[in-house]
Amino acid sequence: MSAAPGPERPQVVSHVQQALNYTVFDCKWVPRSARLLCLGSAARGTGLIQLYELHGGRLELLREIEKPKPIKCGTFGATSLQQRYLATGDFDGNLNIWNLEAPEIPVYSVKGHKEIINSIDGVGGLGIGEGAPEIVTGSRDGTVKVWDPRQNDTPVANMEPVQGESKRDCWTVAFGNAYNQEERVVCAGYDNGDIKLFDLKTMSLRWETNIKNGVCSVEFDRKDINMNKLVATSLEGKFHVFDMRTQHPTKGFASVSEKAQKSTIWQVRHLPQNRDIFMTSGGSGSLHLWKYEYPAQRSKKDSEGFEMGVAGSVSLLQNVTLSTQPISSLDWSPDKKGLCVCGAFDQTVRVLIVTKLNKI
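Residues numbered from 1 in each chain as written. Predicted model: local features only at pLDDT ≥ 70, side-chain atom pairs only at ≥ 80, totals over all residues. Heavy atoms only, no water.

- In the nomenclature of an unreviewed UniProt entry, the chain corresponds to Dynein axonemal assembly factor 10 from the organism Drymodes brunneopygia.
- For the chain, the Function (unreviewed entry) comment in UniProt is given as "Key assembly factor specifically required for the stability of axonemal dynein heavy chains in cytoplasm."
- Regarding the chain, the UniProt comment filed under Subcellular location (unreviewed entry) reads as follows: "Dynein axonemal particle". (UniProt positions renumbered as here; feature names shortened; annotations may be inferred.)

Given below as structure tokens:
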């Protein structure tokens, strides 16, 4: 698929490249700053957190913190803007929360899972989403757990396989629907293509589907609104956009799928300033920028009078190949529109500028 023509098309510009001497698994902007973090694994099997500051056309390393276990994922989503504590999941199943000003000892630590924590997300912090600050972790041990950092040791919710059900490797988790004090959902994607939506208010499985291929990344377009859209990406180069506003009793949510490329789509991230624009990162070292178009009517009645959703369409705004290796992590700056960071398995972190986003 080729991108839409025209001079008003956004461009993805590589602004700064920084070579790393370790494997980077996740990168995150520090909110309200020109700083970013790289999380990963050193050659000798330890974990690394590097803090960089963007100075014009270069990245300055401010701090490097080594930890006993490789770090797979991180989030600021459950912290206040004043504290900006980082929550991380590591290869040993530990959930840790760090004060980056004094990172020697975690401010919160729990052995969350029996195996690697593949994915982490936070809500209720940074002024995003109503309700308590919570962290969700998804692990190779097949469980998805929700943690309140104000409570010690035990998760406030534990979604595990029911008796007799085989355990699946959970690759990705995301919060959504946190628009008031009571509502909140967690979406989880698994290695066999299962997508499950857990309702934390009723502690029940609200919906499930299977996209036939391992689910690499899921993200709601916004956490702090009535569920609107969910994007799920897969091992085989396809992504699916679900309209989450209307749930049909048997058909579930309407969706549109798009084959973006031949290789794995590792990540999806929505533009913080426009929920209908999102970026996917690929196993081929490429980034694709997409726009979702809503249908004329988002729902209609079926023959029995039940409301069912109507899927929209997706158009490609731009694509660019940056690396010979997979781009495994991606994060938009929450503060500066079009500023983005990505980490790839060529041991490079790149700061990107996406232009003309206000013209779309």
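After presenting the structure, the write-up continues.
1. Describing the sheet that holds strand E29 (residues 339-344)
- Pairing in this open sheet of 4 strands is antiparallel, and the strands run E1-E30-E29-E28 from one edge to the other. The open sheet has two edge strands with one neighbour each: strand E1 (12-19) and strand E28 (327-332). With direction set aside, neighbouring strand axes in the sheet form an average angle of 20°. (Pairing = 2+ DSSP bridges. Helix = DSSP H or I, 4+ residues; strand = E, 2+ residues; numbered from the N terminus. Axes fitted to C-alpha atoms, helices over the stretch in contact; angles between N-to-C directions.)

2. Some words on the environment of Lys 69
- Take Lys 69: it is sitting in the loop between strand E5 (58-67) and strand E6 (71-75).
- Considered as a pair, Lys 69 and Phe 91 are 22 residues apart in the sequence and their alpha carbons are 6.1 Å apart.
- If we ignore the near neighbours within four places in the chain, the residues touching Lys 69 are Thr 46, Gly 47, Asp 90 and Asp 92. (Contact = heavy atoms within 4.5 Å.)

3. Some remarks on the nonpolar core
- If you look at the biggest cluster of nonpolar residues, it comprises 18 residues, and the most contacted ones within it are Met 279, Leu 287, Leu 289 and Trp 332.
- In contact with Met 279, other than residues within four places in its own chain, are Gln 267, Val 268, Arg 269, Leu 287, His 288, Leu 289, Leu 330, Trp 332, Cys 340 and Val 354.
- With 17 residues, the next largest nonpolar core counts Val 16, Cys 27, Leu 48 and Val 341 among its residues. (Core = buried A, V, L, I, M, F, W, Y, C linked by side-chain atoms within 4.5 Å. Buried < 20%, exposed > 50% of the residue type's maximum accessible area, 1.4 Å probe, protein only.)

4. Comments concerning the pattern of salt bridges
- One pass over the full model with this rule turns up 21 salt bridges.
- Between Arg 44 and Glu 66 there is a salt bridge, with the nearest N and O atoms lying 2.8 Å from each other. One end of the pair, Arg 44, is in the loop between strand E3 (35-41) and strand E4 (47-55); the other, Glu 66, is in strand E5, and 22 residues separate them in sequence.
- Close ionic contact of Asp 243 with Arg 298 constitutes a salt bridge, the shortest N to O distance being 2.9 Å. Here Asp 243 is found in strand E20 (residues 238-243), whereas its partner Arg 298 is found in the loop between strand E24 (286-293) and strand E25 (299-301), with 55 residues between them in sequence.
- What you see here is one network of salt bridges that share partners, running through Glu 165, Lys 196 and Glu 208. (Salt bridge = Lys/Arg side-chain N within 4 Å of Asp/Glu carboxyl O.)

5. Side note on the environment of Tyr 85
- Counting through the fold element by element, Tyr 85 comes out in the loop between E6 and strand E7 (86-90).
- In sequence terms Tyr 85 and Gly 129 are 44 residues apart; their C-alpha atoms lie 17 Å from each other.
- Discounting chain neighbours no more than four positions away, the residues touching Tyr 85 are Thr 75, Phe 76, Thr 79, Ile 97, Trp 98, Asn 99 and Val 107.

6. Observations concerning the pairing of strand E22 (residues 265-271)
- Of all 7 residues in E22, 6 are buried; the element is thus mostly enclosed.
- Pairing between E22 and strand E23 (residues 274-282): 6 bridges, direction antiparallel. Bridge pairing in E23 links His 270 to Phe 278.
- Linking E22 to E23, which pair antiparallel, is a turn of 2 residues.

7. Overview of unusual backbone geometry
- Of note, Asn 177 is a non-glycine position whose phi angle comes to about 65°, a positive value.
- Position of Asn 177 among the secondary structure elements: in the loop between strand E14 (170-176) and strand E15 (185-190).
- Asn 177 gets classed as buried once you look at its relative accessible area, which sits at 3%.
- Even without being a glycine, Gln 347 presents a positive backbone phi close to 60°.
- Position of Gln 347 among the secondary structure elements: in the loop between E29 and strand E30 (348-354).

8. Points about the sheet that holds E20
- Spatially, 4 strands are ordered E18-E19-E20-E21 in an open sheet, and the strand pairing comes out antiparallel. Every interior strand has two partners, whereas the edge strands, strand E18 (215-220) and strand E21 (255-259), have only one. Ignoring which end each strand starts from, the neighbouring axes of this sheet average 15° apart.

9. As for the packing of aromatic side chains
- Tallying each qualifying case throughout the model produces 8 aromatic pairs.
- The interplanar angle of 85° and the centroid separation of 4.9 Å between the aromatic rings of Trp 207 and Phe 253 together place this pair among those described as edge-to-face. Of the two residues, Trp 207 sits in strand E17 (residues 204-210) while Phe 253 sits in the loop between E20 and E21, which places them 46 residues apart along the sequence. The residues Trp 207 and Phe 253 share a single accessibility class, namely buried.
- Here the aromatic rings of Trp 266 and Phe 345 are separated by 5.2 Å at their centres, their planes lie at 85°, and the arrangement is edge-to-face. (Phe/Tyr/Trp six-rings, centres within 6.5 Å; stacked < 30°, edge-to-face > 60°.)

10. What about the side chain of Asn 99?
- Looking at the element boundaries, Asn 99 is found in the loop between strand E8 (94-98) and strand E9 (108-111).
- The exposure class assigned to Asn 99 is buried, which follows from its relative accessible area of 18%.
- At 2.9 Å, the side chain of Asn 99 and the backbone nitrogen of Glu 101 are in polar contact.
- Not counting residues up to four positions away in its chain, the partners in contact with Asn 99 are Tyr 85 and Val 107. (Polar contact = N/O pair within 3.5 Å; in protein donor to acceptor, adjacent residues only side chain to side chain.)

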